[in-house]
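Letter by letter, the chains look like this.
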Amino acid sequence: MTFLIGGDLAVDRLGYGAMQLTGPGVWGEPADPDEARRVLRRAVELGVTLIDTADSYGPYVADRLIREALHPYPSNLVIATKVGFTRGGPGMWTVVGRPEYLRQQTELNLRNLGVERIDLLQLHRIDSTVPLADQVGELVALQQEGKVRHIGLSEVSVAQLAQAREITPIATVQNSYNLVHRASEDVLEYAEANGIGFIPYFPLATGDLAGPGSPLSEAAEAHGATPSQLALAWLLRRSPVMLPIPGTSKVAHLEENMAAGRISLTDEEFAAVAA
């Protein structure tokens with residue numbers, strides 16, 4: 001169950017997102033740093049080959065924990081990161097897409113992760129006050145310097161994705177997508193048609209779907225699984241370019257999430273859950 005990011009970078013399709021490794025409001029240190037490091041090591045033990053992070057998580061806290069837990073990195077591990085936000089405090093996110101800022105944050109990612117090249121660098125948000133060509137162009141310049149392997153985008157429309165692809169190949173797109181919230185269906189379909197990896201963030205918004213008697217709970221019971229596992233299995237079945245990155249700060253929850261990769265939904269179950 002693998003996908004080739006950019007056509008040449010193989011990852012297992014069920015990855016791990018590092019945002020929850022920080023303190024409340026994605027700010028500061030986690031309550032249990034040792035457990036955070038255990039989560040990262042266990043993820044790799046369980047076969048995770050794609051870890052998604054960002055300089056803005058902490059800021060820099062998630063990057064540091066990843067390096068402490070896993071460096072020197074396994075040869076098959078892909079660490080994807082993002083630039084384009086500045087942080088003013090817990091829960092505060094400000095988009096900054098000026099080329100010099102994107103370059104500075106990329107250099108800090110390289111240093112904090114302890115790598116010479118970032119396998120996948122994603123523009124965390126498009127800054128509406130800066131021409132897209134300037135923002136993506138800076139990532140291309142970093143790529144040409146050997147500091148970035150592949151370029152991705154986050155939270156974009158089909159039009160923005162197509163516009164960026166006129167500048168350079170785009171390997172992945174990371175939009176909010178799950179069973180409940182499928183507003184990015186058109187972006188997913190565009191990504192699938194063009195061989196672009198689709199990383200659905202917030203993949204486990206199960207909500208009322210987990211209630212007694214719901215299709216999700218019925219299908220979960222049939223598989224001896226949890227509703228959250230079924231929600232992940234549904235995403236993996238939804239598209240061959242789907243790369244879910246469920247995050248957690250607990251080893252037990254990580255193990256539960258990763259078990260979703262072993263669940264195979266029938267056509268009838270997939271349709272019932274989707275409906």
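First, a word on what this report is: a plain description of the structure on this page. (Residues numbered from 1 in each chain as written. Predicted model: local features only at pLDDT ≥ 70, side-chain atom pairs only at ≥ 80, totals over all residues. Heavy atoms only, no water.)

## Examining the environment of Thr-248
Argument step 1. Looking at the element boundaries, Thr-248 is found in the loop between helix H8 (227-238) and helix H9 (251-258).
Argument step 2. Along the backbone, Thr-248 and Met-19 are 229 residues apart, and their C-alpha atoms lie at a distance of 8.2 Å.
Argument step 3. Dropping the residues within four chain positions of it, Thr-248 is found in contact with Tyr-16, Gly-17, Gln-20, Leu-21, Val-39, His-253, Leu-254 and Asn-257.
Argument step 4. Here the side chain of Thr-248 touches Lys-250 through a polar contact of 3.1 Å, landing on its backbone nitrogen. (Helix = DSSP H or I, 4+ residues; strand = E, 2+ residues; numbered from the N terminus. Contact = heavy atoms within 4.5 Å. Polar contact = N/O pair within 3.5 Å; in protein donor to acceptor, adjacent residues only side chain to side chain.)

## Structural notes on the packing of helix H2 (residues 61-70) against helix H3 (residues 99-113)
Argument step 1. Interhelical geometry of H2 versus H3 gives an angle of 30° and a closest axis separation of 8 Å. Comparing their axes, H3 and H2 come out roughly parallel. In contact with Asp-63, Arg-64, Ile-66 and Arg-67 of H2, H3 contributes Asn-109, Arg-111, Asn-112 and Leu-113.
Argument step 2. Residues belonging to the contact of H2 with H3 are distributed by class as follows: 2 nonpolar, 2 polar and 4 charged. (Axes fitted to C-alpha atoms, helices over the stretch in contact; angles between N-to-C directions. Parallel < 35°, antiparallel > 145°, perpendicular 65-115°, else oblique. Nonpolar A, V, L, I, M, F, W, Y, C, P; charged D, E, K, R; others polar.)

## Looking at the side chain of Asp-119
Argument step 1. Here Asp-119 shows up in strand E8 (residues 118-123).
Argument step 2. It turns out Asp-119 is buried and unbridged, and the closest side chain with the opposite charge, Arg-149, is 4.1 Å from it.
Argument step 3. Not counting the four nearest positions on each side in its chain, Asp-119 is found in contact with Leu-9, Leu-77, Val-78, Ile-79, Arg-149 and His-150. (Buried < 20%, exposed > 50% of the residue type's maximum accessible area, 1.4 Å probe, protein only. Lys, Arg positive; Asp, Glu negative; His and termini not counted. Salt bridge = Lys/Arg side-chain N within 4 Å of Asp/Glu carboxyl O.)

## Some points on the environment of Met-242
Argument step 1. Note that Met-242 resides in the loop between H8 and H9.
Argument step 2. Taking relative accessible area as the criterion, Met-242 reaches 0% and is therefore assigned buried.
Argument step 3. For the pair Met-242 and Val-61, spaced 181 residues apart in the sequence, the C-alpha separation amounts to 27 Å.
Argument step 4. In this structure, Met-242 is in contact with Arg-13, Tyr-177, Leu-188, Phe-198, Pro-200, Leu-235 and Leu-236, ignoring residues within four places of it in sequence.

## A few points about the nonpolar core
Argument step 1. Of all hydrophobic cores here, the largest spans 57 residues; its most connected members are Ile-5, Leu-50, Leu-153, Leu-161, Phe-198, Leu-230 and Trp-234.
Argument step 2. Counting residues per element, this core draws most heavily on H8, at 6 residues.
Argument step 3. Discounting chain neighbours no more than four positions away, the residues touching Phe-198 are Val-173, Asn-175, Tyr-177, Ser-184, Val-187, Leu-188, Ala-191, Val-241, Met-242 and Leu-243.
Argument step 4. Core analysis: the next-biggest nonpolar cluster, separate from the first, contains 26 residues, Leu-40, Ala-43, Leu-65 and Ile-66 among them. (Core = buried A, V, L, I, M, F, W, Y, C linked by side-chain atoms within 4.5 Å.)

The quantities given are spatial measurements derived from coordinates; they are silent on function.
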